[in-house]
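# Summary of the model geometry
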Amino acid sequence: MAQGDWSLTVTGTVARVDRENIDKSGRNPRFNLSIVITPEALDAPKGVTLPVELVFRIAERDLAKHGAEPKVGEKITVTGAANGPKPRLFSIATIKRS
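Below you will find a few notes about this structure. Quick caveat: nothing in here was measured; it's all calculated off a predicted structure. (Residues numbered from 1 in each chain as written. Predicted model: local features only at pLDDT ≥ 70, side-chain atom pairs only at ≥ 80, totals over all residues. Heavy atoms only, no water.)

### Describing the pairing of strand β5 (residues 89-97)
Where strand β3 (residues 54-59) meets β5, 3 bridges bridge the pair, whose relative direction is parallel. Following the sheet pairing, Arg 57 is matched in β5 by Ser 91. Across 6 bridges, the pairing between strand β4 (residues 75-83) and β5 is antiparallel. Bridge assignment links Thr 79 to a residue of β5, and that residue is Thr 94. Here β4 hands over to β5 after 5 residues, with Gly 84 in that stretch at a positive phi of 80°. (Pairing = 2+ DSSP bridges. Helix = DSSP H or I, 4+ residues; strand = E, 2+ residues; numbered from the N terminus.)

### So, the packing of aromatic side chains
Taken as a whole, this structure holds 2 aromatic pairs when the rule is applied. Look at Trp 6 and Phe 90: their rings are 6.2 Å apart centre to centre, the planes differ by 75°, and that puts the pair in the edge-to-face class. Taken together, the residues span a long stretch of sequence, with Trp 6 in strand β1 (residues 5-21) and Phe 90 in strand β5 at a distance of 84 residues. Just as Trp 6 is buried, Phe 90 falls in that class too. Between Phe 56 and Phe 90 the ring centres are 5.2 Å apart and the planes differ by 35°, which places this aromatic pair in the tilted class. Of this pair, Phe 56 sits in strand β3 while Phe 90 sits in strand β5; the two residues are 34 residues apart in sequence, bridging distant segments of the chain. Of the two residues examined, Phe 56 and Phe 90, each falls in the buried class. An aromatic cluster of three or more residues is present, and its members are Trp 6, Phe 56 and Phe 90. The cationic tip of Arg 19 hangs over the ring face of Phe 31; the distance from NZ or CZ to the ring centre is 4.7 Å. (Phe/Tyr/Trp six-rings, centres within 6.5 Å; stacked < 30°, edge-to-face > 60°. Buried < 20%, exposed > 50% of the residue type's maximum accessible area, 1.4 Å probe, protein only. Lys NZ or Arg CZ within 6 Å of the ring centre and 35° of its normal.)

On their own, these measurements won't tell you what the molecule is for.
If you want it as structure tokens, here you go:
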């Protein structure tokens, strides 16, 4: 598989949610969230190698468009995108709660 954009849809359980403060000044906290999902059902292109747990990243301000922050243990369906045959991180296009 050549380098390029592709998408996937995964249904699974939220294993953990990590928050990273990206504000360098320390006065205006802004966070990126890493939502780690243990997949139960997966729709991805052939030829890609996926890790056991999938890490989806989203800015906290963008998460508001998708509803509240997912809770650990919650079952969700996420559509996202990645690059290359062995991605480590995925961006989020949609989040649906099951």
